[in-house]
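Residues per chain are reported as follows:
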Amino acid sequence: MKVLIATDKPFAKIAVAGIRFEVEAAGFELALLEKYTEKQQLLDAVVDADAIIIRSDIIDAEVIAAAKKMKIVVRAGAGYDNIDLDAASDSGVCVMNTPGQNANAVAELVFGMLIYAVRNFYNGTSGTELMGKKLGIHAYGNVGRNVARIAKGFGMDLYAYDAYCPETIMMNDAIKPMKSVEDLYATCDIVSVHIPATSETKKSINAALLNLMPKGAVLVNTARKEVIDEAEMVEFMTTHRDFKYVTDILPGNDVEMTEKFAGRYFTTPKKMGAQTSEANINAGIAAAKQIVDFIKNRNAQYKVNK
Ligand code: 3PG
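The structure presented is a predicted model; accordingly, all values stated were derived computationally and were not measured.

Thresholds applied
- Residues numbered from 1 in each chain as written.
- Predicted model: local features only at pLDDT ≥ 70, side-chain atom pairs only at ≥ 80, totals over all residues.
- Heavy atoms only, no water.
- Helix = DSSP H or I, 4+ residues; strand = E, 2+ residues; numbered from the N terminus.
- Polar contact = N/O pair within 3.5 Å; in protein donor to acceptor, adjacent residues only side chain to side chain.
- Contact = heavy atoms within 4.5 Å.
- Buried < 20%, exposed > 50% of the residue type's maximum accessible area, 1.4 Å probe, protein only.
- Arc of directions from axis to C-beta.
- Domains from an automatic or database assignment.
- Buried area = accessible area lost by both parts, 1.4 Å probe.
- Salt bridge = Lys/Arg side-chain N within 4 Å of Asp/Glu carboxyl O.
- Nonpolar A, V, L, I, M, F, W, Y, C, P; charged D, E, K, R; others polar.

K.L.:
What exactly am I supposed to notice about the side chain of Asn 97 here?
P.N.:
Position of Asn 97 relative to the elements: it lies in strand β5 (residues 94-97). Side-chain polar atoms of Asn 97 contact the backbone oxygen of Ala 78, separated by 3.0 Å. With sequence-adjacent residues up to four places away left out, Asn 97 is seen in contact with Val 74, Arg 75, Gly 77, Ala 78, Tyr 80, Gln 290, Tyr 302 and Val 304.

K.L.:
Sorry, what's going on with helix α10 (residues 230-239) here?
P.N.:
At 3.6 residues per turn, the α-helix brings residues three or four places apart onto the same side. Of the positions making up α10, those classed as buried are Met 233, Val 234, Phe 236 and Met 237. Along the long axis of α10, the arc covered by the buried residues comes to 170°, so they all point the same way. Exposed residues lying more than 90 degrees from the buried face of α10 are Ala 231, Glu 235 and Thr 239. Considering only its buried residues, α10 is in contact with α9 (207-210), β10 (218-221), β11 (244-247), α11 (254-260) and β12 (265-267).

K.L.:
Explanation requested: the domain arrangement of the chain in the structure shown.
P.N.:
A common way to state how big an interface is: give the accessible area lost once the parts meet. Per the domain assignment, the segments of the chain are domain 1 (2-101 + 275-297) and domain 2 (103-267). Taking only C-alpha atoms, the centre of domain 1 and the centre of domain 2 are 30 Å apart. Listed per partner, the contact involves eight residues of domain 1 and five residues of domain 2. The junction of domain 1 with domain 2 conceals about 470 Å² of combined surface from both sides, 46% of it contributed by carbon and sulfur atoms. On the domain 1 side of the interface with domain 2, the three residues burying the most area are Asp 81, Gly 100 and Thr 276, jointly 66% of the side's total. For the interface between domain 1 and domain 2, the tally reads one salt bridge. Asp 81 is paired through a salt bridge with Arg 224; the nearest N and O atoms lie 3.1 Å apart. Taken together, domain 1 and domain 2 are joined by two residue pairs in polar contact (both at pLDDT 80 or more). Its residues assigned to classes, the side of domain 1 that touches domain 2 shows two nonpolar, four polar and two charged.

Take a look at the structure:
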């Protein structure tokens, strides 16, 4: 059995060592494809792989067709919008993610980015503090819950909206549940985005929603660029000169955003939320264990496709 790690953005070395240990202890072989520059390299590498561990790497129908022996692909992380689930199902390939394993890393970055934003990108002018500010958590999943935990340490006032999470869960965590996404944006000084990119959520953060936010608001996005209506974001930021947008996902219109909104807009060049040794170890080793358990015991607990 051959397990391939195919990561354009590599795991920390210690995480690769941990994955290797799990894979070899099961009697499987490990192959590594990192920092590839051409899709062809991925297509070549998957040919004889029985199982693949990926991150945000694109697993489309072409990759699935090339991976003739593939039984399982595990996205070491949360979002699996980079995988063609239907093509995988049609080829009998099991797709899994590793929910929660990198959530703390992403949540910590939210605060790194927020402090940078409210201190005016460290430009020497007087900024504001997080204490006492209303923080809106847009989706109360694993990352949202870690954000809430950390925000309590900052003394923030916490609100959340999640169409799929029972209000009682939020209330038990001392979070005020909001009835609608509009209520969340209208109420909060800062909103932290944690929704997946789906047909429902794509471009859902648009000018109409941003218009509801109070003066001087900050939006922090460590989720997906697709959930932002980028054209409307430009429109909104042009007329709302007090608003700041900080994101961990390079927008499609980064050049325009940088040109027009210097000092109010920041993006990491490459998604950094899950890029810690701890998150790589957690998600990578979970992925390896899930593969071994699936191949040896048919355990498909974290399967996300049909
Ligand atoms: C996730 O969905 O788990 C995060 O966006 C992290 O993605 P990455 O593994 O590509 O850094």
